[in-house]
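Coordinate inspection notes
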Amino acid sequence: MTRKLFTSILSAFFALSLLASLQAADASGTWTWSTPGRDGGEARKSTMKLKVEGEKVTGSIATPGREGAAREAEITNGKIKGDQISFDVTREIQGNKMTAKYSGKIAGDTITGKIETARDGNTRSRDWEAKREAKK
């Protein structure tokens, strides 16, 4: 009897752990990160606003443009599964479209991952870490 009870409790624990790991992390909100400026210049702050509905992620990213004017781009192909998030951002730069593919892992109020871009037939990858802004 004790063995059956122990097995049942252990099975329930593993089932609840599996269910918790399959649920999407909370990615909704405003996130920010900084990118080093060119030639050691001042860092550039990017702001991302995310909205999650089920496994679908939508939102936008605003980055500093020329003369301080923010450039905003919509997020496409956004997905979240468990603590993994991915989405694309396409921008037009000097008449050329460039898509950045973001992927990352959410842990509390931090997303860490990679950004991949293709330029002149070469794929570049860089690390990315965003912090969630506190709700006001």
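Please read all numbers here as calculations on a predicted model, not as lab measurements.

**As for the overall build of the chain**
Of regular secondary structure, the chain possesses one helix and eight strands. Secondary structure elements of the chain, listed N to C terminal, follow the sequence α-β-β-β-β-β-β-β-β. For the chain, the proportion of its 136 residues judged to be buried stands at 26%. As displayed, the chain offers around 9900 Å² of accessible surface, 52% of which is attributable to carbon and sulfur atoms.

**Re the layout of surface pockets**
Within this model, the largest pocket holds a volume of roughly 1300 Å³. Arg38, Arg44, Arg71, Ile93 and Met98 are, among the 29 residues lining the largest pocket, the residues nearest its centre. Elements with a minimum of two residues in the lining of the largest pocket: strand 1 (29-35), strand 2 (44-53), strand 3 (56-64), strand 5 (84-93), strand 6 (96-107), strand 7 (110-119) and strand 8 (122-132). The residue inventory of the lining of the largest pocket, partitioned by class, reads nine nonpolar, ten polar and ten charged.

**Remarks on the confidence of the model for the chain**
Model confidence for the chain is summarised by a mean pLDDT of 83, while 80% of its residues fall at 70 or above. Here residues 13-22 is modelled with pLDDT under 50, and outside its nearest four sequence neighbours on either side it reaches two contacts, counting other chains as well.

**Quick word on the packing of aromatic side chains**
Scanning the model with the defined rule gives five aromatic pairs in all. Seen from their ring centres, Phe87 and Trp128 are 6.0 Å apart, and the 80 degrees between their planes marks the pair as edge-to-face. Separated by 41 residues along the polypeptide, Phe87 in strand 5 and Trp128 in strand 8 bring together distant segments of the chain. The exposure classification of Phe87 matches that of Trp128, with both residues buried. For the ring pair Tyr102 and Trp128, a centre distance of 5.2 Å and an interplane angle of 75 degrees mean the geometry is edge-to-face. Taken together, the positions of Tyr102 in strand 6 and Trp128 in strand 8 put the pair 26 residues apart, joining distant regions of the chain.

**Describing the nonpolar core**
Counting 20 residues, the largest nonpolar core has Met48, Leu50, Phe87, Tyr102 and Trp128 as the members making the most contacts within it. Put simply, the parts of the chain that give this core at least two residues each are strand 1, strand 2, strand 3, strand 4 (70-81), strand 5, strand 6, strand 7 and strand 8. Excluding anything up to four places from it in sequence, Trp128 contacts Trp33, Met48, Phe87, Tyr102, Ser103, Gly104, Ile111, Thr112, Gly113, Lys114 and Ile115.

**Examining the pattern of salt bridges**
Applying the stated rule across the entire model yields eight salt bridges. Between Lys81 and Glu55 there is a salt bridge; the shortest N-O distance is 3.8 Å. Taken as a pair, Lys81 in strand 4 and Glu55 in the loop between strand 2 and strand 3 lie far apart in primary sequence, 26 residues in all. Note on Glu55: relative accessible area 48%, which makes it partly exposed. Notably, a salt bridge pairs Lys131 with Glu129, separated by 3.7 Å at the nearest N-O pair. The partly exposed category is assigned to Glu129, whose relative accessible area is 44%.

What counts and how
Residues numbered from 1 in each chain as written. Predicted model: local features only at pLDDT ≥ 70, side-chain atom pairs only at ≥ 80, totals over all residues. Heavy atoms only, no water. Helix = DSSP H or I, 4+ residues; strand = E, 2+ residues; numbered from the N terminus. Buried < 20%, exposed > 50% of the residue type's maximum accessible area, 1.4 Å probe, protein only. Areas by Shrake-Rupley, 256 points an atom, 1.4 Å probe, with all protein chains shown as cover. 1 Å grid on protein atoms, 1.4 Å probe; cavity = no way out; pocket = protein on both sides within 12 Å on 5 of 7 lines; lining within 4 Å. Points joined across faces, edges and corners; volume = space filled by probe spheres on them. Nonpolar A, V, L, I, M, F, W, Y, C, P; charged D, E, K, R; others polar. pLDDT = per-residue confidence, 0-100. Contact = heavy atoms within 4.5 Å. Phe/Tyr/Trp six-rings, centres within 6.5 Å; stacked < 30°, edge-to-face > 60°. Core = buried A, V, L, I, M, F, W, Y, C linked by side-chain atoms within 4.5 Å. Salt bridge = Lys/Arg side-chain N within 4 Å of Asp/Glu carboxyl O.

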